[in-house]
Each structure stands twice: as structure tokens, then as C-alpha cells.
Amino acid sequence: MRYSILGTVRALRGDTELDLGPPKRMALLALLLLRAPGPLTLSEAVDILWDDEPPPSAANVVHRHIGALRRTLEPELRSRSQAVRLVRAADGYRLPADTSTSDLLCFRDLRARAQLALKGGAPAQAAQDFMAALRLWRGPVVAAGTQVARHPVFTSVGHEYVATMKEAADAVLTAEPELTEEVLAALRRAVECHPFDEALHCRVIAALAATGRKGEALEQFETVRRGLADELGVEPGPELRAAQQHLLQRRDSGLHLGPARQPAVTGGPSQLPAGCLSFAGRQRVLSQCLQLLPLEGESRPATTTAAICGMAGVGKTTLAVHWGHLVADHFPDGRIYVDLRGHHPSRPPLEPSAAVAQVLDALAVDHGRLGPSAAALGSAYRSALAGRRLLLVLDDAADCEQVRPLLPAAPGCLAIVTSRRRLEGLAVTDNARILTLDPMTREEGLELLDRRLGADRTRAEPAAAEEIVELCGGLPLALAVAGARALTRPALTLTSLAATLQDPVGGLAALSGHDARTDPRDAFHRSYAALNDSAARLFRLLGLHPSRDITVPAAASLAGAGLRRTRQDVTELMDHHLLVELVAGRYTCHDLLRAYATELSERLDEANARSEALARMFEHYLHSAEAATALLAPHRGAVSLPPARPGVTAQRFAGRADAAEWIVAERYLLPELARSLGHCPTGEAFRRQLTSTLEMCVTPR
């Protein structure tokens with residue numbers, strides 16, 4: 001027996017194709033093949049085979065189709081207990097299949113072998129295996145012709161095809177040029193089915209350019225650009241724009257383009273780390289990075305420095321390296337990478353003079369006779385960069401002072417700096433472009449999980465995948481760790497993984513491990529350790545606050561500090577990206593950071609200090625609510641509140657609209673506080689006051 005699912009569903013005994021019967025029976029066989037060699041449960045079959053509410057007889061219908069399939073596959077079978085082609089499994093059925101009998105399993109096996117070859121340093125073998133996998137594909141949609149062809153469990157296999165197509169193109173263009181025409185034909189078939197996948201079009205352009213058809217490649221870009229504008233009303237994204245610029249500026253028709261692989265440039269040092277194969281999303285920031293390059297005909301770029309800043313684990317280095325590979329052809333004199341070790345788990349930050357020496361060494365500039373003089377090194381550094389077109393990736397800067405001596409003045413050079421600090425000083429003194437990298441959106445997080453786990457696994461449990469993205473707060477480091485846990489434990493369902501992440505503190509523990517470079521808790525600690533004592537204490541106490549966002553008066557009350565001191569501490573936390581100001585006057589702490597703050601407070605703060613902080617926080621909201629209600633409903637019956645304890649700072653309101661905005665902003669927090677006070681013997685009056693305040697809530701115009 002041989003089974004086909006990549007395109008039309010088919011079953012062959014020898015050279016004879018079997019009649020599989022009506023569409024629903026074909027769909028059931030496709031489901032069995034999709035789950036092979038594992039089981040297909042009865043409940044899953046029912047859910048997928050009926051779009052709307054299944055009829056009461058659905059289970060019996062599935063059983064009848066299973067019986068008919070058995071008779072088709074094994075016409076001589078006398079008893080179902082003796083079946084070998086379609087057997088009973090726990091709560092369902094199983095089709096014993098392997099890579100020799102199922103084209104889908106063979107496809108996945110070839111792709112896995114190709115990925116292993118790529119990791120093992122054999123890109124030519126990887127290209128051969130990728131192309132062998134693609135030759136098995138006979139249609140754009142799995143289970144084509146059945147009424148359930150658009151169900152996610154089937155379309156997810158189409159996503160595997162697209163991902164493999166991109167991997168194959170990269171491998172062929174990098175290491176197996178004799179397969180370029182074949183991969184180009186496959187790419188063209190793929191873009192017919194996925195006309196708005198810009199990454200596929202980038203690879204079509206790359207393949208055309210690699211075969212010397214520059215005019216056809218430019219025409220391909222224009223066709224895509226018009227299609228995007230006419231159908232979607234958007235302009236090409238950064239990858240397509242970069243492909244066009246590379247094409248226009250290329251000096252060697254043998255160079256090839258495309259994201260997520262090593263640059264095809266020659267000359268000068270090429271020190272960028274390998275790009276991340278699972279890179280996902282980040283189109284907005286990539287587009288901002290692309291704007292750093294001079295436009296066609298310009299002699300100077302807008303700036304020679306860009307700083308990618310953000311919290312620990314948000315993917316700054318990954319983005320910088322990915323973009324560096326993407327635009328490497330713009331810098332033919334070298335791509336130099338320097339780890340500044342600003343937040344290294346075990347080594348101190350790199351001295352600026354040592355970093356300068358690293359760059360000079362990379363450029364083969366003899367500086368030994370200069371000695372340790374910073375001025376002499378700086379002069380040699382500027383001379384070495386003059387007249388060159390260099391890309392400098394200065395990773396993990398501790399502060400502005402560490403990186404300033406490394407910033408190029410030469411117009412042909414560009415420095416990409418990454419840091420957990422905001423580095424606003426570089427914008428003032430060096431005209432640097434500051435790019436803040438936020439956690440991933442839901443769509444980007446799901447794309448990252450798809451690339452880490454394979455679309456078949458995430459599409460099989462879409463709700464759990466979405467929950468994992470939410471519980472990880474869109475943090476790429478956390479998502480990568482969660483994905484690794486799922487990969488190393490194939491029996492672990494995504495639903496089970498999501499369950500382990502649900503507890504705010506336990507979830508952080510579930511993401512932690514023994515590798516300091518990949519442990520989110522360890523990464524957070526290196527940012528926390530750089531804080532002054534007052535800001536560190538405020539950060540710990542933020543774990544006691546029941547909401548993600550907080551105002552300065554609320555933070556001052558929590559810490560029992562004055563407004564001036566608290567503003568300084570909030571600024572310090574923002575500088576280290578432990579707080580962000582998403583809405584003016586309200587400061588947000590990432591959920592995983594809040595979990596870490598809670599751990600720290602429980603370990604480092606005395607129980608009495610925590611209790612006092614909670615009491616001050618309650619009284620802040622009570623007295624703030626009283627002030628807001630007095631403005632919004634001055635004639636209502638007042639509740640007499642005792643004087644606030646020392647260290648409590650109530651919110652001050654400029655008028656009724658200001659008070660109403662505050663109540664709307666706290667509309668989820670105030671009821672929670674009211675419920676908490678209901679458990680206290682002396683809290684009933686306070687609870688009534690908060691309830692009264694909520695009733696006064698108005699929406700400001």
C-alpha cells in the first residue's frame with residue numbers, strides 16, 4: 001500500500017489506485033494519514049468532519065466509514081480484529097504508515113534530514129534533501145477536493161510546504177547553484193498559490209538574479225509591488241525593498257539575495273553570528289532599520305548610528321544580526337560584531353579601548369605600538385574606518401559611555417547598537433536613531449511558535465498555542481524556551497505546557513533552566529542588579545500591586561517615598577526597560593517581570609515591610625477615590641475616612657474630567673480592591689466608599 005495526501009487524497013495497492021468513496025470518507029482517510037502513525041480519536045474526527053453542530057449519528061457515521069475503508073484497503077479481511085491496514089486504537093483508529101508508504105511522512109523526514117544537514121555544516125546535502133521533499137508535492141492544499149480542505153489541520157500542512165520552499169531556496173542559492181532553475185520553477189508555483197507572501201517573492205527575485213536575469217528580477221519586483229498596492233493597498237515590506245536595493249546596487253551578478261542566510265558578499269571581515277532560522281515578525285522595526293540605508297543616489301546616510309533598545313529577552317540581538325545579514329551587501333568592506341558584555345552572566349563589561357582594539361584587529365590594523373592610550377587608539381580607529389563601508393554590530397551596550405568611542409564618523413559606515421538601556425544620550429550627542437523593540441504581537445508570537453515547533457503541531461492545538469503566546473507576554477526568549485520544552489518532550493501537549501505557565505510565579509519557574517543565557521529569570525536579574533537601591537526596592541514592591549500599570553502617586557505610596565524620589569526611581573526603571581510608559585502618566589510592567597519582582601520581594605523584603613506597603617497602597621486608592629468622588633458627586637453622602645498613614649500620597653485631580661479619567665483607568669482595579677477589603681473586619685466602610693466611587697464613573701468626552 002502507498003498513500004498520497006500532498007494534493008489529492010489517493011491510496012494505491014501496487015499500481016492500482018483504489019476507489020475511496022464519497023468525499024467525507026476521503027476526508028476521514030486524509031485525517032488518518034495526517035495523524036499517522038499516531039491515532040485519530042473519534043471525537044477529533046467528528047469535530048473536523050462536520051463544520052457546524054454534528055448530528056447525533058455522527059459517531060456511527062464515522063464507524064461506518066471506517067468499516068468501508070477497511071474493506072477497501074483489505075478486501076480479503078474476514079474479521080476486523082485481524083486488520084493490519086486500519087486498526088483500532090485507544091478512543092479511535094490508527095493507520096500504520098511510515099516514510100515508505102506515506103508521502104507526507106516521507107516529506108517530513110526529508111525536510112528534517114535537510115535541516116540536520118544544514119546544522120551539521122553540509123548545505124549542499126541540505127539543498128538536495130529539501131528539493132527531494134518538494135518533488136513529492138503535487139498540490140497547494142492537502143486533502144484537495146474534500147469539503148474540509150480549508151480546516152486548519154489540513155491547511156497547516158500547506159504552511160509546512162511554504163516554509164520548506166523558503167528553506168530549499170536559501171540552501172540552493174547558497175550551496176547548490178545547479179538546482180537554481182528547478183527551485184525557481186517551484187518558487188513560481190508557490191507564489192501562484194500564495195501571491196502576497198513577500199518572502200517567497202524575495203526568493204524568486206534572488207533566483208532570477210543568480211541566473212543573470214536582472215531585468216526579469218526587477219520586473220518581478222514591480223509586479224509584486226503593483227499587486228500589493230492594488231489588492232491590499234500596502235507598499236512592499238522591508239525584505240522586498242532590500243531585495244530591490246540589492247538588485248539595483250549589485251556589482252556581481254553571481255551574488256544572491258534573500259533573508260535568513262549568510263550574506264553573499266566578499267572582502268573584509270564577516271563576523272556576524274549565524275542568523276536565527278526561526279526569525280519571525282518584526283516587520284515594522286525592520287522597515288525602520290531599512291530607512292537607515294541611503295537611498296539610491298544619496299552619498300550619505302541619514303545617520304551612522306542606530307540603537308535597538310528594549311527589555312531583557314525581547315530579541316534585540318536576534319533582530320540586529322538578522323538585519324545585518326539582510327543588508328550585508330551594502331557593506332562590502334566588512335561586517336564586524338563586538339559583544340560589549342553589558343549584561344553578561346559571568347564576565348564584566350568590555351572596556352571601550354578593548355572593543356576598539358577588537359575592531360582594529362578585525363581590520364588587520366597594527367595597533368600594538370600605540371600602547372593603551374585611548375587618544376591614540378581613537379585616532380587609529382577613525383583612520384581605519386575612513387573611506388570604508390563597514391557594518392558594526394555593537395551588542396549589549398552597558399551605557400552610552402561604553403559605546404561612544406566605537407561610533408563611526410565615516411559616512412559609509414553604520415553602527416547598530418543593542419542595549420537594555422534607553423541610550424537617549426546617543427540621540428543627543430551622536431544623532432543616533434533610537435528604535436525601541438517591544439514584545440511580539442500575538443500574530444508574531446504565533447509565527448515564532450510555528451517556526452520553532454512546526455505548523456502542524458501549533459495548528460493541532462491553536463487555542464493552547466495562543467495561550468502560550470499570551471502567558472509568555474510575547475517575549476521571544478520565553479517563547480523560545482517554551483518551544484524548546486515542547487520539542488524536547490514530544491509527548492507533552494501544548495495544552496499541558498500552557499497549564500504549567502498559567503500561575504504567574506510558577507510560570508516563570510517553568511521557563512527557568514540551568515543555562516544562564518536562556519533563563520528568563522537570570523536575564524531579568526542582570527537588569528535588576530544594575531539598579532540603585534531605591535529603584536530596586538520599588539521594583540520588588542511592584543509585585544504587590546494587583547495591576548500591570550501604576551501611576552507615580554500609587555508607586556510613591558507603595559514605596560512610602562516622596563513624589564520626587566519616586567519619579568527618579570520610575571525614570572531609572574524605565575531606563576532599564578523594567579517599566580514602560582504606554583499611556584501618559586501610567587507605567588506598565590511586563591507580566592513576567594512582575595512575577596520576578598514578586599519572587600524578589602518574598603525573598604528579600606521582610607513580611608512587615610510588605611504588609612506596610614500593601615496598607616499604604618490600599619489607603620492611596622481609598623483617599624484617591626474619595627477625592628475623585630468629591631469632584632464628580634459633591635452632594636452625595638460622604639464616608640468619613642481616617643487620616644492617611646505616613647508615606648501615602650493620594651492622586652490629585654485638576655478637575656472633573658481628570659477624576660473621571662482616573663476612575664475609568666482604574667475600573668478593573670478598584671472593584672478588586674473593594675472585594676479584598678470585604679474580608680477585613682474594619683474594611684466595610686472603605687468597601688462602601690469604593691463602591692460608591694465606581695457608581696460615579698463617567699466617561700470623559
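Residues numbered from 1 in each chain as written. Predicted model: local features only at pLDDT ≥ 70, side-chain atom pairs only at ≥ 80, totals over all residues. Heavy atoms only, no water.

(A) The overall build of the protein, seen in detail. Looking only at helices and strands, the protein has 31 helices and 14 strands in total. In the protein, which comprises 701 residues, the share counted as buried stands at 53%. Put simply, of all contacts in the protein between residues at least 6 apart along the chain, 69% involve residues at least 24 apart. (Helix = DSSP H or I, 4+ residues; strand = E, 2+ residues; numbered from the N terminus. Buried < 20%, exposed > 50% of the residue type's maximum accessible area, 1.4 Å probe, protein only. Contact = heavy atoms within 4.5 Å.)

(B) Quick look at the sheet that holds strand E10 (residues 414–419). Strand order in the open sheet formed by five strands is E8-E9-E10-E7-E11, with parallel pairing between adjacent strands. A strand with exactly one partner marks an edge of an open sheet, and here the two such strands are strand E8 (335–339) and strand E11 (433–436). Direction aside, neighbouring strands of the sheet carry axes that sit 15° apart on average. Direction of pairing for strand E7 (residues 305–309) relative to E10: parallel, over a ladder of five bridges. The residue of E10 that forms the bridge with Ala307 is Val417. (Pairing = 2+ DSSP bridges. Axes fitted to C-alpha atoms, helices over the stretch in contact; angles between N-to-C directions.)

(C) Structural view of helix H21 (residues 494–501). Residues of H21 that are buried include every one of Leu494, Leu497, Ala498 and Leu501, and no others. End-on view of H21: buried residues confined to an arc of 100°, all on one side of the axis. (Arc of directions from axis to C-beta.)

(D) Molecular detail of the pairing of E10. Here E10 lies mainly inside the structure; six of its six residues are buried. Where burial is concerned, the two faces of E10 agree: the one with Leu414, Ile416 and Thr418 and the one with Ala415, Val417 and Ser419 are both buried. Here five bridges tie strand E9 (residues 391–397) to E10, and the two strands are oriented parallel to one another. Bridging across to E10, Val393 finds its partner in Ile416.

(E) Looking closely at the environment of Ala243. Tracing the chain through its elements places Ala243 in helix H10 (residues 238–249). The sequence separation of Ala243 and Cys202 amounts to 41 residues, and the corresponding C-alpha distance is 6.3 Å.

(F) Expanded view of the packing of aromatic side chains. Tallied over the entire structure, the rule returns eight aromatic pairs. Ring centres of Tyr528 and Tyr596 lie 6.4 Å apart, and the angle between their planes is 85°; on these two criteria the pair is classed as edge-to-face. With Tyr528 in helix H23 (residues 520–528) and Tyr596 in helix H27 (residues 591–604), this pair connects stretches of sequence that are 68 residues apart. The pair Tyr528 / Tyr596 is uniform in exposure class, with both members buried. Lying over the aromatic face of Trp50, Lys24 brings its terminal NZ or CZ to 4.5 Å of the ring centre. (Phe/Tyr/Trp six-rings, centres within 6.5 Å; stacked < 30°, edge-to-face > 60°. Lys NZ or Arg CZ within 6 Å of the ring centre and 35° of its normal.)

(G) Focus on the pattern of salt bridges. Under the defined criterion, the tally for this structure stands at 30 salt bridges. A salt bridge links Asp129 to Arg113; its shortest N-O distance comes to 3.9 Å. Separated by 16 residues along the polypeptide, Asp129 in helix H5 (residues 123–134) and Arg113 in helix H4 (residues 103–119) bring together distant segments of the chain. The buried category is assigned to Asp129, whose relative accessible area is 8%. For Arg113, a relative accessible area of 42% translates into the label partly exposed. For Arg586, the salt bridge identified is with Glu666, shortest N-O distance 2.4 Å. On the criterion of sequence distance, the pair formed by Arg586 in strand E14 (residues 586–588) and Glu666 in the loop between helix H29 (656–665) and helix H30 (669–677) is long-range, its members being 80 residues apart. For Arg586, a relative accessible area of 11% corresponds to the buried category. (Salt bridge = Lys/Arg side-chain N within 4 Å of Asp/Glu carboxyl O.)

(H) Looking closely at the nonpolar core. Counting residues in hydrophobic clusters, the biggest one holds 96 residues, and the most contacted among them are Trp323, Ile416, Ile468, Phe524, Phe539 and Leu573. Setting aside residues up to four positions removed in sequence, Phe539 forms contacts with Tyr528, Leu531, Leu573, Leu578, Cys589, Leu593, Tyr596, Ala597 and Leu600. Leu134, Val162, Ala168 and Val183 belong to the second-largest nonpolar core, a separate cluster that totals 76 residues. (Core = buried A, V, L, I, M, F, W, Y, C linked by side-chain atoms within 4.5 Å.)

(I) Quick peek at the environment of Gly227. Within the secondary structure layout, Gly227 lies in helix H9 (residues 214–232). The partly exposed category is assigned to Gly227, whose relative accessible area is 22%. Along the sequence, Gly227 and Pro195 sit 32 residues apart, while their C-alpha atoms lie 8.3 Å from each other.

(J) Quick peek at the confidence of the model for the protein. Residues at a pLDDT of 70 or more form 88% of the protein, whose mean pLDDT is 84. Note that residues 251–266 has pLDDT below 50 and, in this model, 45 contacts with residues that lie over four places away or in other chains. Between residues 697–701, whose pLDDT stays under 50, and residues either more than four places distant or in other chains, the model counts ten contacts. (pLDDT = per-residue confidence, 0-100.)

(K) Spatial organisation of a nonpolar patch on the surface. A cluster of nonpolar side chains, contributed by Phe196, Leu232 and Val234, occupies part of the molecular surface with about 250 Å² of accessible area. Secondary-structure assignment places Leu232 in helix H9. In this structure Leu232 comes out as partly exposed when scored by relative accessible area, which is 46%. (Patch = residues over 30% accessible without salt bridge, like charges linked within 9 Å, V, L, I, M, F, W, Y side chains within 5 Å. Areas by Shrake-Rupley, 256 points an atom, 1.4 Å probe, with all protein chains shown as cover.)

(L) The pairing of E8, seen in detail. The buried fraction of E8 amounts to four of the five residues, a majority that puts the element mostly inside the structure. In this structure, E8 lies alongside E9, joined through five bridges in parallel fashion. Bridge assignment links Tyr337 to a residue of E9, and that residue is Val393.

(M) Examining the packing of helix H6 (residues 152–175) against helix H7 (residues 180–193) more closely. Relative orientation of the contacting elements H6 and H7 amounts to 155°, with a least axis distance of 10 Å. As the angle between them shows, H6 and H7 are arranged roughly antiparallel. H7 is crossed by H6, and the crossing has left-handed handedness. Counting all contacts with H6, which are made through Tyr161, Met165, Ala168, Ala169, Val172 and Leu173, the residues of H7 involved are Thr180, Val183, Ala186, Leu187 and Ala190. Split by residue class, the contact of H6 with H7 holds ten nonpolar, one polar and no charged. (Parallel < 35°, antiparallel > 145°, perpendicular 65-115°, else oblique. Left-handed = near helix turned anticlockwise from the far one by under 90°. Nonpolar A, V, L, I, M, F, W, Y, C, P; charged D, E, K, R; others polar.)

(N) Main features of the sheet that holds strand E6 (residues 92–94). Across the sheet, which stays open at both edges, the three strands sit in the order E4-E6-E5 with antiparallel pairing between neighbours. On the outer flanks of this sheet lie strand E4 (39–41) and strand E5 (87–89), each paired with one strand and no other. Adjacent strand axes in the sheet meet at a mean angle of 35°, parallel and antiparallel pairs treated alike. Here E4 runs beside E6; their pairing, made up of three bridges, is antiparallel. Note that in E6 the partner of Pro39 across the bridge is Arg94. Together, E4 and E6 form the strand contacts of helix H1 (residues 23–35), whose direction differs from that of E4 by roughly 130°. Along the sheet, helix H2 (residues 42–49) makes contact with E4 and E6, crossing E4 at roughly 65°.

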